[in-house]
Amino acid sequence: MKKRDNLRLKGVVEISVIKNGRVINYEKKDNLIVSVGKDRVEELIGGTSTSYFNYIAIGTGTTSPSDSDTSLVNEVKRAQATVTHGASGEVFEKTFDFDSAESYNITELGIFDQASGGTMLDRITFSAKAVDTDTSLYVKVTISVS
């Protein structure tokens, strides 16, 4: 009998809107690991790429995620994440703050390997999170291999 290993990448996203130190909106949802992200993971395993994922981008696009996605629909902000390895997988975290000129309904996010452009690992859409100068958006993405 032949044994097969079937590796599977899985992403889980937690999003919190924070105002005056209190969470006023929270959502937890599975996300989609996209084709170009899977290709990059293969390259990282083999050492043919050393460009790893460490940026989280957020946006206002509402188009459902697709395996063929390579970018967010309407990116508004991207920042370097804090990345740690835990029992549940690789954890990417970032708190986004907004200035007085910024007011968005954030509905999408993805993880990337560059500060702009680059390769996207995953994408998710979710219910609108209203943010402005009085609110922060905390994002936690856990990527696991099973």
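Coordinates for the structure precede this section.
Let us look at the structure shown here.

With that settled, consider the packing of aromatic side chains. What the rule picks out here adds up to one aromatic pair. Aromatic pair Phe 98 and Tyr 104: ring centres 6.2 Å apart, planes at 65°, arrangement edge-to-face. Taking relative accessible area as the criterion, Phe 98 reaches 6% and is therefore assigned buried. One residue, Arg 78, lies across the ring of Phe 112, its end atom 3.9 Å from the ring centre.

With twelve residues, helix H1 (residues 35-46) should cover 16 Å at 1.5 Å per step; its first-to-last C-alpha distance of 17 Å lies within 8% of that length. Phi for Gly 47, located one or two positions after H1, is positive at around 80°.

Turning to the pattern of salt bridges, a few remarks are in order. According to the stated counting rule, one finds nine salt bridges in the structure shown. Where Glu 27 meets Lys 129, a salt bridge forms, and the shortest distance between an N and an O atom there is 2.6 Å. On the criterion of sequence distance, the pair formed by Glu 27 in strand E2 (residues 22-33) and Lys 129 in strand E8 (residues 120-131) is long-range, its members being 102 residues apart. With respect to class, Glu 27 is no different from Lys 129; both count as buried. The residue Arg 78 makes a salt bridge to Glu 75 at a minimum N-O spacing of 2.9 Å. Using a relative accessible area of 17% as the deciding quantity, one classes Arg 78 as buried. Shared partners join several salt bridges into a network, and the residues in it are Arg 40, Glu 43 and Asp 113.

Turning our eyes to something else, we now look at the sheet that holds strand E4 (residues 75-80). The strand order across the open sheet built from nine strands is E4-E3-E7-E8-E2-E1-E9-E6-E5, with neighbouring strands paired in antiparallel fashion. At either end of the open sheet lies a strand with only one pairing partner, and these are E4 and strand E5 (82-86). Here the average twist between neighbouring strands, direction ignored, is 20°. Against the sheet, H1 makes contact with strand E1 (9-19), E2 and E8, and its axis sits at roughly 135° relative to E8, the strand it touches most.

Below, the discussion takes up the nonpolar core. One finds Phe 92, Phe 96, Leu 109, Ile 111, Leu 137 and Val 141 to be the most contacted residues of the largest nonpolar core, which totals 23 residues. Of all elements in the fold, only E1, strand E3 (55-59), strand E6 (89-97), strand E7 (104-112), E8 and strand E9 (135-145) reach the threshold of two or more residues within this core. By size, the runner-up hydrophobic cluster in this structure holds six residues, among which are Val 34, Ala 57, Phe 112 and Met 120.

Where E5 and E6 come together, five bridges link them in antiparallel fashion. From the neighbouring strand, Thr 82 faces E6, where its bridge partner is Glu 93. Connecting the antiparallel pair E5 and E6 is a turn made up of two residues.

Definitions and cut-offs
Residues numbered from 1 in each chain as written. Predicted model: local features only at pLDDT ≥ 70, side-chain atom pairs only at ≥ 80, totals over all residues. Heavy atoms only, no water. Phe/Tyr/Trp six-rings, centres within 6.5 Å; stacked < 30°, edge-to-face > 60°. Buried < 20%, exposed > 50% of the residue type's maximum accessible area, 1.4 Å probe, protein only. Lys NZ or Arg CZ within 6 Å of the ring centre and 35° of its normal. Helix = DSSP H or I, 4+ residues; strand = E, 2+ residues; numbered from the N terminus. Expected span 1.5 Å × (residues − 1). Salt bridge = Lys/Arg side-chain N within 4 Å of Asp/Glu carboxyl O. Pairing = 2+ DSSP bridges. Axes fitted to C-alpha atoms, helices over the stretch in contact; angles between N-to-C directions. Contact = heavy atoms within 4.5 Å. Core = buried A, V, L, I, M, F, W, Y, C linked by side-chain atoms within 4.5 Å.

Purely spatial values, then, with no claim about function.
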